[in-house]
Amino acid sequence: MTSRRWDPRSPRGVVPVVLAVLQAVLVLGPGLGRGVVITHDMPWSPDPRWTPFVLGLDTPAPRAVPSDAVAVLLGKAVGASMAQHLVLLTILVTLALGAAALLAELVPDVGMAGRCATVVAAVWNPFVSERLAVGQWVVVLGLAVLPWALRGALRVVRGTSTVYAVAPALLFAGLGGVNALLVVSGAVLTVLLAGAVRARSWPVARAAGVSLLLTAGLAGAWAVPALTARPVADALGARAFAPVADSPVGVIGSLLGGGGFWNTGTHPEPRSHVLIALTAALLMTAGVALALVAAPGRDGLLLAAPLAVFGVLVLLSVSGPAEQLWDTLVHRVPGGGALRDSQKLIAPWVVVGAAGLGVLADRAARRLPAGLRGPAVALLLGLPLVLSPQLAWGIGGRLDAVTVPSDYRQGVDELAALPPGDVGLLPWSQYRRYGWNDSRVSLTLAPRTVDRVVLYDDSLPLRSGTIAGESARAAEVSKSIGAGTPPDRALAAEGVRYVAAELGSGLDVDTGALRSSGRVVVDRPSLLVVDVGGPARSPSASGAGVLGWGVTLLTALGIIGWRGARRTDRKLLTGLLRSRP
Amino acid sequence: MTPVLATVGSVITGAVLALFTVVGGVSAISPSPNAPSKSEQVVIYDAP
């Protein structure tokens, strides 16, 4: 067997890395310009601040924890714009190299053609496109960490590594929060449990137990407050967030090709062509089959375990007859809400499929007649690109860095300098089409920029209806506004001291009524803030929030310390990258 | 034989890639991703 260590001097080691970096730049394109990308679930604050929202202190079920805190930490070190560029670039490069590393684990002597084909296929697929288009970088982070996690889990089952082989992957997935951790930890646990059962191995079973403990610890920051508050999720969510067909080949066909995200607004236009959608589905299915067959020994069966478990869950979510069962799972089982957006569970299918495409390219390069090798490899390298061409240069304008108006930022600074008090946010919706952001749909920036408790409408307006939020205070305000109470009065009745209106956000605000509701304290073209005389409350951390953060930080430090104690000559951050891709 | 095979293979590869590129590329640059509706009063999260 060849050395598993990545050799930076060999073309086989260098070319995939260069390719991974170049394609990441090509995909992100205008998103790497001056400013920050603000789209859908990625309202990246231009001014990193530890706001109550960022720390998950003002919401019953924190969803942006600890990912937003990590973004703020990085932003304070290198600036918000650079932090976002680094995060997005690192995720795409890690994804590409991780899939290549998984391929090399399955086929140790794989050549350059196979590695490059996998590097391309891991990124140029509908999964990455649809999730990036909606700004869900944490889900793509989970996808990026997944192949490294699978590789580590296979090594643990083989007995060539201890459980620490999966710990860094769990740590990085943990940084992404609930979705990333669910995908990565779920895949690791299924591989380890399948391996423990197959080999009747106590060490592997113990590794599964340790992985579960690490997962629980890393989840503390969001899981402890959520499980304590027990927010009631809208029953409509289970249906609204189920996978849908993003192509003419149906839901299953779309999922097989790596698509099927519930948000129809993100569906790539090229997938409306049956030729493209069908080819993508066939290619990825063939890739998965090849990867499982090519895996040495019974590794194929181990890799099939997460595909099977996650596949059953995805099928439950799209199956009409299983609707009741799925609803029960999502809404009655504690933590089941994390499964609601079930399309993310095809992540193992996507990375294994990418590795399998590498197997196909490798075999083509070795076994075809000399004259056909070049064209065949070129075809396999090029197909993922032409099946997802929308990814090139910022997904059709979705990813484009913009400069947040200075008057908005100055207005937020002025608000920060005022006496304590909660802020009620208008327009009464959490989604915006900021004029300065080319009218892209995005979450409001305010909770991530205003260092106070911000009371905003946390419901989710969809074309199919509105999914209720989880904040009881916001629900009361919505109820009052629905009954005809002016928004500023409805907010004041919920105890906010300031009412802030984001102007030029694509939604109307009655600024005249707002100005007359109290004393104007910030008056900028993009931001109007009025002191309506509410109580001077300061944000305070709940016991559950502090406990959760403590558990998560201790677990993370434990993993880092464990690493340091075992391998003092290698740094954690470079540990993953130095493994041979 | 090898040069003939190479030629045939290259032509087929080129044709397949060109076909997908034209179909996908034209779709990808089609306008109106995420275009706002002039009349909407609510920002719809999953708007096209």
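Reading the values: rules and limits
- Residues numbered from 1 in each chain as written.
- Chains lettered and ligands numbered in written order.
- Predicted model: local features only at pLDDT ≥ 70, side-chain atom pairs only at ≥ 80, totals over all residues.
- Helix = DSSP H or I, 4+ residues; strand = E, 2+ residues; numbered from the N terminus.
- Rg over C-alpha atoms; globule rule 2.2 N^0.38 Å.
- Buried ≥ 20, exposed ≤ 12 C-beta atoms within 10 Å, placed from the backbone.
- Contact = placed C-beta atoms within 7 Å.
- Expected span 1.5 Å × (residues − 1).
- Pairing = 2+ DSSP bridges.
- Core = buried A, V, L, I, M, F, W, Y, C linked by C-beta atoms within 7 Å.
- Domains from an automatic or database assignment.
- Axes fitted to C-alpha atoms, helices over the stretch in contact; angles between N-to-C directions.

As recorded by an unreviewed UniProt entry, chain B carries the name DUF2613 domain-containing protein and is attributed to Knoellia locipacati.

Account for the overall build of chain A, with residues named and values stated.
Across its full length, chain A carries 25 helices and 12 strands. Computed over the C-alpha atoms, the radius of gyration of chain A is 24 Å, within 12% of the 25 Å expected from 2.2 N^0.38 for a compact globule of 581 residues. Along the first, second and third principal axes, the C-alpha set of chain A runs to 80 × 50 × 50 Å. The buried share among the 581 residues of chain A stands at 59%. Counted over contacts in chain A with a minimum sequence separation of 6, partners at least 24 positions apart contribute 75%.

Explain helix α14 (residues 299–318) of chain A residue by residue, including any values.
In this model, α14 of chain A (20 residues) spans 29 Å end to end at C-alpha, consistent with the 28 Å of a helix rising 1.5 Å per residue. When we look at burial in α14 of chain A, the residues that qualify are D299, L302, L303, A304, A305, P306, L307, F310, V314, S317 and V318 of chain A.

For the sheet that holds strand β3 (residues 401–402) of chain A, give the residues involved together with the corresponding values.
In space, the three strands of this open sheet follow the order β2-β1-β3 (chain A), with antiparallel pairing throughout. This sheet does not close on itself; its edge strands, each paired only once, are β2 (42–43) and β3 of chain A.

Any details on the nonpolar core? Residues and values, ideally.
Side chains that are nonpolar tend, in soluble globular proteins, to be buried together. All names here are of chain A. With 216 residues, the main nonpolar core has V184 and L192 as its most contacted residues. Top element by residues in this core is helix α3 (residues 80–106). It accounts for 17 residues. Split by domain, this core shows at least three residues from each of two domains, domain 1 (11–399 + 550–578) and domain 2 (421–531). When sequence neighbours within four positions are dropped, the list of residues in contact with L192 reads A153, V156, V157, V204, A207, A208 and S211.

Would you mind going over the domain arrangement of chain A in detail, with residue names and values included?
Residue and element names in this part refer to chain A. Split into domains, chain A comes out as domain 1 (11–399 + 550–578) and domain 2 (421–531). Centre-to-centre separation of domain 1 and domain 2, based on C-alpha positions: 34 Å. Counting residues at the interface gives 22 residues for domain 1 and 22 residues for domain 2. Elements represented by at least two residues in the side of domain 1 that touches domain 2 include exactly β1 (36–39) and α11 (237–240).

Could you give me a rundown of unusual backbone geometry, with the residues and numbers involved?
All names here are of chain A. In this structure, P66 follows V65 across a cis peptide bond, with omega equal to 0°. The topology assignment puts P66 in the loop between β2 and α2 (67–78). Geometrically, the link from L426 to P427 is a cis peptide bond, its omega value of -5° lying close to zero. Within the secondary structure, P427 is located in the loop between β4 (423–426) and β5 (431–432). The backbone phi angle of D438 is positive, close to 60°, even though this residue is not glycine. Secondary-structure assignment places D438 in the loop between β5 and β6 (442–443).

Give a description of the sheet that holds β4 of chain A that names residues and reports values.
Residues and elements named next belong to chain A. Within the open sheet, the five strands sit side by side as β7-β4-β10-β12-β11. Their pairing is mixed. Each edge of the open sheet carries a strand with a single partner, namely β7 (454–455) and β11 (519–523). Examined bridge by bridge, β4 and strand β10 (residues 498–502) share four bridges and lie parallel to one another. The partner of L426 across the bridge, within β10, is A501. Lying over the sheet, helix α19 (residues 406–416) contacts β10, β11 and β12 (527–531), oriented at roughly 20° with respect to β12.

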